[in-house]
Amino acid sequence: MRSFLSVLFIGSLTAASAMARPMPPWKSDAGVEIPAGTDANESLAGYGSPVRFTVFLGAATGFPQLANDVQESLSRGNITLYEHGVSVNPAYITSAQREALQNVWGSTGIRLTTGGGTGMAEIGCCSLLSFSDLKNFGGSLPLLANANLPDDEGGDGTVMTEASEADLELKLAAIVAQKGAPKNIAPIMRPDPVQPTELWEASALYAPNRKLALYTGAVAIDIPPTLAMSFPGAALDNYVNEIKWALRNRIRVTLIVSPYVMGKGGCVFDSRFLENTKAFTTYLISKGAAPTEYVVESYCGEVRNTVNSPLGDHESESINQVALFLSTMPVSAPGTTVPAMPGGLSEVDAIASQMSDSKLHVAKVADQTFFSPDKNVNSIIRRMNSLGGMAYQSDVKVAIHGGALDGTVNPLDITICPNCSMLMQNALVFQATNGNGILQGSKTDAMIHVFNPTTPAPSGFTFGNMSDVRAPQVFRETGQGMSNVEGLMIRGADEMVLGLWGKNGFANLGISDDGLLEIRNPGSSADYHTGVEFAPPGADSANRPKITASNEGNTLEITSKNTIFKGNTTYRSLSGNGNAYACLDASGNLYRSMTACR
């Protein structure tokens with residue numbers, strides 16, 4: 001179990017990340033056969049076996065629920081189980097529940113009752129596996145596993161030293177040497193988001209981590225997407241850096257995602273788990289950092305109803321939904337580098353061994369495909385047109401990663417899929433008769449800049465037909481934001497419509513239930529700040545006239561050197577029977593008197 005203290009666009013497939021053995025040819029939806037190993041595509045299905053699993057689904061305490069409503073997951077052909085050490089403990093799963101899971105998932109090569117199989121395990125580190133540990137996994141573990149490191153030796157949020165790395169090598173090698181133990185173990189390690197300038201691939205801070213990953217032939221990154229998407233871009237880029245480093249060294253790199261709520265941890269319901277998983281993995285795609293596989297699980301070590309669980313493929317808030325999404329996402333080729341540890345297996349060798357041992361049969365083979373061009377965008381577009389107008393299935397993502405665009409210096413990246421799209425370029429230039437318009441992302445903030453670099457004309461947007469002089473425009477000139485719309489309208493769903501923010505606070509303008517203009521200062525504890533201040537020319541700030549509300553809205557105060565009322569003035573509080581004297585007391589209070597004022 002981990003406490004979290006402190007993302008995918010496919011570029012060209014380098015020789016370092018290519019498979020050691022040739023891939024078979026495959027056919028596109030349009031029926032065009034594409035030779036394996038071409039510069040425009042790689043198919044990741046069918047590597048030495050009927051299918052390669054790319055998504056592993058599990059839960060610490062809700063594991064038995066995966067026996068129900070998982071037919072869609074099974075039909076995908078690339079989803080199987082993730083066997084967390086807690087989930088297979090008899091304290092959390094009965095023999096009957098284990099048999100039910102085996103009956104449902106056995107067709108994917110899962111062996112919960114007899115051990116081994118095609119899944120992936122998660123173990124603690126770094127004691128030897130006990131007899132009871134092996135028994136919990138059916139006698140032996142899957143050949144692929146991820147390991148939590150001790151907090152004092154580089155575990156979550158701590159620094160790994162050279163001495164710790166050497167000690168971990170000995171301990172992990174001892175586990176691999178055991179009968180029934182995993183043969184490809186990925187230590188769970190990730191860069192510190194607080195130190196994004198310490199790059200994973202180059203910083204001396206992570207030298208021991210890199211050495212350990214090369215020794216084991218694998219590394220796993222465990223980061224809840226909701227937590228990850230709260231980090232600055234530089235921190236996310238360091239995860240990209242770690243994944244690319246692993247791929248260059250041809251080792252397994254697994255991305256583990258789980259629910260998490262900021263400030264509350266992983267044992268509460270994460271309503272944005274799927275949303276942030278999509279955002280995080282799409283960011284990774286955009287940077288060319290596809291892991292070799294994904295793990296989806298819930299870490300909560302308590303049985304709770306208020307946490308994302310594997311409640312079924314058709315339950316909108318289940319972790320199954322996240323696994324189904326990730327089953328459509330691209331992955332990188334499996335790791336081919338043999339670990340330095342004695343008895344260790346590379347990822348591809350572990351997969352081949354597991355598949356041959358499991359007598360695997362699946363109903364459908366998923367088309368895990370990605371495009372990885374080396375050429376410029378125009379040639380890639382021509383190549384994909386040969387596939388039938390860039391046709392693709394609902395579970396296939398097409399990515400175009402360009403070099404030069406007709407001689408321009410800004411490469412263009414495009415991602416196309418059924419539920420997402422992405423266009424990435426330093427700047428887009430739109431040619432026009434009176435000059436070019438440029439759309440560019442800011443380098444210092446999250447703003448988009450619209451400008452004309454060659455003329456002093458205003459920059460902005462026109463909505464509607466540009467030949468219509470009445471078409472509304474929003475533009476900027478000499479530091480002012482302007483609109484040409486007569487009677488500019490701003491609409492809001494509630495009473496408050498417009499927020500005004502300044503260095504001294506903020507105020508809201510809106511329309512009250514009875515249709516009156518409403519002024520509110522929600523950020524002030526002093527209610528007399530709710531009101532209007534007038535700043536006529538020549539008036540200094542200390543003597544500006546004001547109309548303010550106080551006393552919980554019961555008192556309205558007018559502050560001015562001189563106040564003039566033109567026309568009749570009526571005071572409802574002084575009404576009564578017959579005429580009377582209007583008197584003023586020593587405190588300045590006006591009152592009604594039936595007798596002469598004193």
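Because the structure is a prediction, the values reported are computed rather than measured.

Cut-offs applied
Residues numbered from 1 in each chain as written. Predicted model: local features only at pLDDT ≥ 70, side-chain atom pairs only at ≥ 80, totals over all residues. Heavy atoms only, no water. Pairing = 2+ DSSP bridges. Helix = DSSP H or I, 4+ residues; strand = E, 2+ residues; numbered from the N terminus. Axes fitted to C-alpha atoms, helices over the stretch in contact; angles between N-to-C directions. Disulfide = S-S within 2.5 Å. Buried < 20%, exposed > 50% of the residue type's maximum accessible area, 1.4 Å probe, protein only. Patch = residues over 30% accessible without salt bridge, like charges linked within 9 Å, V, L, I, M, F, W, Y side chains within 5 Å. Areas by Shrake-Rupley, 256 points an atom, 1.4 Å probe, with all protein chains shown as cover. Salt bridge = Lys/Arg side-chain N within 4 Å of Asp/Glu carboxyl O. Core = buried A, V, L, I, M, F, W, Y, C linked by side-chain atoms within 4.5 Å. Expected span 1.5 Å × (residues − 1). Contact = heavy atoms within 4.5 Å. Left-handed = near helix turned anticlockwise from the far one by under 90°. Nonpolar A, V, L, I, M, F, W, Y, C, P; charged D, E, K, R; others polar. Phe/Tyr/Trp six-rings, centres within 6.5 Å; stacked < 30°, edge-to-face > 60°.

## Notes on the sheet that holds strand β27 (residues 555–559)
Then, number 1: Read from one edge to the other, the open sheet built from three strands follows the order β25-β26-β27, with strand pairing classed as antiparallel. Of all the strands in the sheet, just β25 (531–533) and β27 have a single pairing partner and so form its edges. The mean angle between the axes of side-by-side strands here comes to 20°, regardless of whether they run parallel or antiparallel.
Then, number 2: In this sheet, β27 lies alongside strand β26 (residues 546–550) in antiparallel orientation, the contact comprising five bridges. Bridged to T548 within β27 is E557.

## A word on the state of the cysteines
Then, number 1: Scanning all chains against the criterion turns up two disulfides.
Then, number 2: One disulfide bridge connects C125 with C126, the sulfur atoms lying 1.2 Å from each other.
Then, number 3: According to the relative accessible area criterion, C125 is buried, its value standing at 15%.
Then, number 4: In this structure C126 comes out as buried when scored by relative accessible area, which is 14%.

## Observations concerning a nonpolar patch on the surface
Then, number 1: Residues I511, L517, I519, V532, F534, I547, L556, I558 and F565 make up a contiguous nonpolar surface patch of about 840 Å² in total accessible area.
Then, number 2: Elements with a contribution of two residues or more to the nonpolar patch: β24 (517–520) and β27.

## Focus on the nonpolar core
Then, number 1: W105, I223, V296 and L326 are the most contacted members of the largest nonpolar core, which has 76 residues in total.
Then, number 2: Looking at which element gives the most residues to this core, the answer is helix α7 (residues 233–248), with eight residues.
Then, number 3: Within the second largest apolar cluster, 16 residues are counted, among which are M120, I256, V295 and I351.

## Focus on α7
Then, number 1: The terminal C-alpha atoms of α7, which comprises 16 residues, lie 22 Å apart, in line with the 22 Å expected from a rise of 1.5 Å per residue.
Then, number 2: Along α7, the residues that are buried comprise A235, L236, N238, Y239, V240, N241, E242, I243, W245, A246 and L247.
Then, number 3: Where α7 is buried, its residues meet α5 (207–216), β9 (218–222), α6 (225–228), β10 (252–257) and α8 (273–286).
Then, number 4: R250 lies just past α7 and shows a positive phi near 55°.

## As for the packing of α7 against α8
Then, number 1: Two elements in contact, α7 and α8, have axes separated by 10 Å at closest approach and are oriented at 65°. Relative to α8, α7 is oriented so that their crossing is right-handed. Residues G233, L236, D237, Y239, V240 and I243 of α7 touch α8, and the partners they reach there are F280, Y283 and L284.
Then, number 2: For the contact of α7 with α8, the class distribution of residues is seven nonpolar, one polar and one charged.

## Considering the packing of aromatic side chains
Then, number 1: Across all of its chains, the model carries three aromatic pairs by this definition.
Then, number 2: For the ring pair W200 and Y206, a centre distance of 5.3 Å and an interplane angle of 25° mean the geometry is stacked. Of the two residues examined, W200 and Y206, each falls in the buried class.
Then, number 3: On the numbers, 6.2 Å between centres and 70° between planes, the contact of W200 with W245 is edge-to-face. With W200 in the loop between β8 (184–187) and α5 and W245 in helix α7, this residue pair connects regions lying 45 residues apart in the sequence. For the residue pair W200 and W245, the accessibility class agrees, reading buried in each case.
Then, number 4: Following the ring pairs from residue to residue traces out a cluster consisting of W200, Y206 and W245.

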